[in-house]
Amino acid sequence: MKILIIQNHPEMAQAIARFLSFALNVNDVDFATLGPYEQKMTYKKAMKCDLILVDAFIAEESRGFQFAKAMGMNSLVVFYAGEIDLEAEGRFWLVLPYTYDRLVNKIKEIMANPAVGREEYEALEERFPELRERKRHYH
């Protein structure tokens with residue numbers, strides 16, 4: 001299994017990769033960001049992966065959530081306590097640190113089922129408008 005980790009903090013990404021190596025024996029882990037100049041490379045990396053593990057909020061915007069939604073592939077979206085008032089676990093997400101002990105089983109569940117549809121992401125956006133894509137204007 002090949003996993004792409006898209007995180008806000010490189011230290012957190014490295015820690016998760018080490019955990020996955022020990023807990024799931026996954027050693028094929030790549031890292032990426034969603035910065036304005038890295039998006040094309042991140043897309044290419046994601047297309048070669050079996051699973052995307054992504055922070056929902058990157059630079060205080062829902063970029064990770066939107067990226068997972070747009071990719072339409074097996075994804076685990078990670079929220080952190082205090083970002084939004086969301087259940088600790090859903091079909092395609094976990095809230096850390098509350099569900100850290102569920103990380104391995106959640107990855108197994110996601111890999112055993114078809115990728116969630118766009119409508120499931122949109123249903124979550126309806127409940128939490130802060131997850132909607134913001135229109136950006138560049139000068």
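As a reminder, the structure under discussion sits directly above these lines.
About the cut-offs
Residues numbered from 1 in each chain as written. Predicted model: local features only at pLDDT ≥ 70, side-chain atom pairs only at ≥ 80, totals over all residues. Heavy atoms only, no water. Phe/Tyr/Trp six-rings, centres within 6.5 Å; stacked < 30°, edge-to-face > 60°. Helix = DSSP H or I, 4+ residues; strand = E, 2+ residues; numbered from the N terminus. Buried < 20%, exposed > 50% of the residue type's maximum accessible area, 1.4 Å probe, protein only. Core = buried A, V, L, I, M, F, W, Y, C linked by side-chain atoms within 4.5 Å. Contact = heavy atoms within 4.5 Å. Polar contact = N/O pair within 3.5 Å; in protein donor to acceptor, adjacent residues only side chain to side chain. Pairing = 2+ DSSP bridges. Axes fitted to C-alpha atoms, helices over the stretch in contact; angles between N-to-C directions.

(A) The packing of aromatic side chains, seen in detail. Under the definition given, this model contains six aromatic pairs. Note on Phe57 and Phe79: the rings are 6.2 Å apart at their centroids and 65° apart in plane angle, and the pair reads as edge-to-face. Highlighted residues: Phe57 in the loop between β3 (51-55) and α3 (63-71) and Phe79 in strand β4 (residues 75-80), separated in sequence by 22 residues. We classify Phe79 as buried; its relative accessible area is 1%. Ring geometry for Phe65 against Tyr121: centres 5.3 Å apart, planes inclined by 70°, an arrangement best described as edge-to-face.

(B) Representation of the nonpolar core. One finds Ile6, Phe65, Val77 and Phe79 to be the most contacted residues of the largest nonpolar core, which totals 28 residues. Listing elements by their share of this core, those giving two or more residues are β1 (2-6), β3, α3, β4, β5 (93-96) and α5 (118-127). With four residues, the single largest contributor to this core is α3. With near-sequence residues (within four places) excluded, Phe65 lies in contact with Asp55, Ala56, Val77, Phe79, Phe92, Tyr121, Leu124, Glu125 and Leu131. Counting 19 residues, the second largest nonpolar core, distinct from the first, contains Ile3, Ala13, Ile16 and Ile107.

(C) Structural context of the side chain of Lys2. Looking at where Lys2 falls in the secondary structure, it is placed in strand β1. At 3.1 Å, the side chain of Lys2 and the side chain of Asp28 are in polar contact. Apart from residues no more than four positions distant in its own chain, Lys2 is found in contact with Asp28, Asp30, Lys48, Cys49, Asp50 and Leu51.

(D) Examining the sheet that holds β3 more closely. Reading across from one edge, β2-β1-β3-β4-β5 is the order of the five strands in this open sheet, with parallel pairing throughout. The open sheet terminates on both sides in strands that have one partner only, identified here as β2 (28-32) and β5. Across this sheet, the average inter-strand angle for adjacent strands is 20°, counted without regard to direction. Bridge count for β1 against β3 is four bridges, and the pairing is parallel. Bridge pairing in β3 places Ile6 opposite Val54.

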